[in-house]
Amino acid sequence: MSLFVYERRFDSSSDAVENVDWISKLPSDVLLMIISRLSTEEAVRTSLVSKRWEHLWKHMSHLVLDMRKKITNSNNTLHVWNRVATLMTKIINNHRGHLESCVIHHYTNRMLNTWIQSLTVVKQTKHLTLIHHVGLRNFGEFIEFPPNSFSYPGLTSLSLSTLMIRTSHSFNNCQFLKTLKISCMLAPDVGVLNRVLASCPSLEVLVLHLICKNKNGPLKIENNRLKLLKVSLCEQIDGIQVSSPSLHILAIKEILSFGRGNFVLRSPRLQFNRNFWLIRTFLPHISYNVTCDEICIGHEEFVVNTCGDLWGASLSVSVDLMNPRQVKRLRQVLLLWTFEMVELEILFKNDNAPSEKGESSQNKFWEDNYK
């Protein structure tokens, strides 16, 4: 798309065409909104358009830095990795102001700690995602994060993918983290993972896909604020012990390697008759106590990032059908199933004082909408 608009002006002698850069005359906020729809790489290129655009991208609130776009099978060398990492460092350093979110796809770990330090302390990034892509040159490589790497007060959401860690020191004092997503993380033993979770007492959303090298006990999740727990494929773990009075969404996505008796759940909000996933561990299951809270980070996370992951899944849900907000959220959850649901368990609750009239209305509501 050209950034210039041609304006045709007519006079008595001839037609004159004038090249007018109308887009650059727009307010900075509008221009920033335009380039925010571009990829980070495309947005940086707009700095070559004119002086007006030179520093515009530096005020973007979201950055996505992807080494995969610059590395192909023909140039997959350590030298290229380092060169691309240097370019990514330059983009981070040249950015001005604070960041709402940053996503980094990386191969090399050489600059990773520098990026984390700059993004958390300097840029005060709220949502940080680090995705490590494994290649022949970095297969089996442990990542050594410095102590307290993720303890900055402004960092509220952290997503880590495909990592091998030896210790939990990098997670020390992560009392401000509200969301933690760990995918394909390998640790020496479950004790390291337990110390990581114990260092994050303010978590409201926890997503886990873990592998341990040695079995030496259960994974312990003890958190008074946790709203959503999503677990998938925990290997080399003797069991899971969950103690969370605020938990109202439990999603078991894949096979758990331990038996039914090794999953201990202490959560008063999740009291269902059918713990379906415990009986048939080869099928995913969702236990959901729908709440009427005006803002529910667990529900938002579940609805936004669960679509397409519910093949063959069953659902146990507790809902007050006389509460419009809960009915709306139940509808949103049910719409996530793009395949046939294996089993549905519904427990009806009344969040207000029980009464015969209320119960009758509730039953009529369900009967009228059953089909």
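Whatever comes next refers back to the structure up there.
Concerning the pairing of strand β10 (residues 228–231)
Regular strands show a simple pattern: their side chains alternate between the two faces of the sheet. The alternating pattern of β10 places Leu228 and Lys230 on one face and Leu229 and Val231 on the opposite face, and all of these are buried. Of the pairings in the sheet, the one linking strand β8 (residues 205–214) to β10 comprises four bridges and is parallel in character. Following the sheet pairing, Leu206 is matched in β10 by Leu229. Both β10 and strand β12 (residues 249–252) contribute to a ladder of four bridges, which runs parallel. Across the sheet, Val231 pairs through a bridge with Ile252, a residue of β12.

Section: the sheet that holds β8
A sheet is described by the order of its strands in space; here 11 strands give the open sequence β3-β4-β5-β6-β7-β8-β10-β12-β14-β15-β16, paired in mixed fashion. Edge positions in the sheet fall to β3 (62–66) and β16 (344–348), since each has one partner strand and no second. On average, adjacent strands in this sheet sit at an angle of 10 degrees to one another, irrespective of strand direction. Sheet strands in contact with helix α5 (residues 190–198) are β7 (179–189) and β8, and its direction is about 150 degrees off that of β7.

Remarks on helix α3 (residues 78–94)
Across its 17 residues, α3 extends 24 Å between first and last C-alpha, which sits within 8% of the 24 Å expected from 1.5 Å per residue. Within α3 the residues assigned to the buried category are Val80, Trp81, Val84, Ala85, Met88, Thr89, Ile91 and Ile92. Against α2 (40–45), β3, β4 (101–106) and α4 (112–122) lie the buried residues of α3.

Focus: the side chain of Lys123
Relative to the assigned elements, Lys123 resides in the loop between α4 and β5 (127–132). Although Lys123 is buried, it makes no salt bridge; Glu100 carries the closest opposite charge, 14 Å away. If we ignore the near neighbours within four places in the chain, the residues touching Lys123 are Ile92, Asn93, His95, Arg96, Gly97, His98, Leu99 and Ser118.

Here is what the cut-offs are and how they apply
Residues numbered from 1 in each chain as written. Predicted model: local features only at pLDDT ≥ 70, side-chain atom pairs only at ≥ 80, totals over all residues. Heavy atoms only, no water. Buried < 20%, exposed > 50% of the residue type's maximum accessible area, 1.4 Å probe, protein only. Helix = DSSP H or I, 4+ residues; strand = E, 2+ residues; numbered from the N terminus. Pairing = 2+ DSSP bridges. Axes fitted to C-alpha atoms, helices over the stretch in contact; angles between N-to-C directions. Contact = heavy atoms within 4.5 Å. Expected span 1.5 Å × (residues − 1). Lys, Arg positive; Asp, Glu negative; His and termini not counted. Salt bridge = Lys/Arg side-chain N within 4 Å of Asp/Glu carboxyl O.

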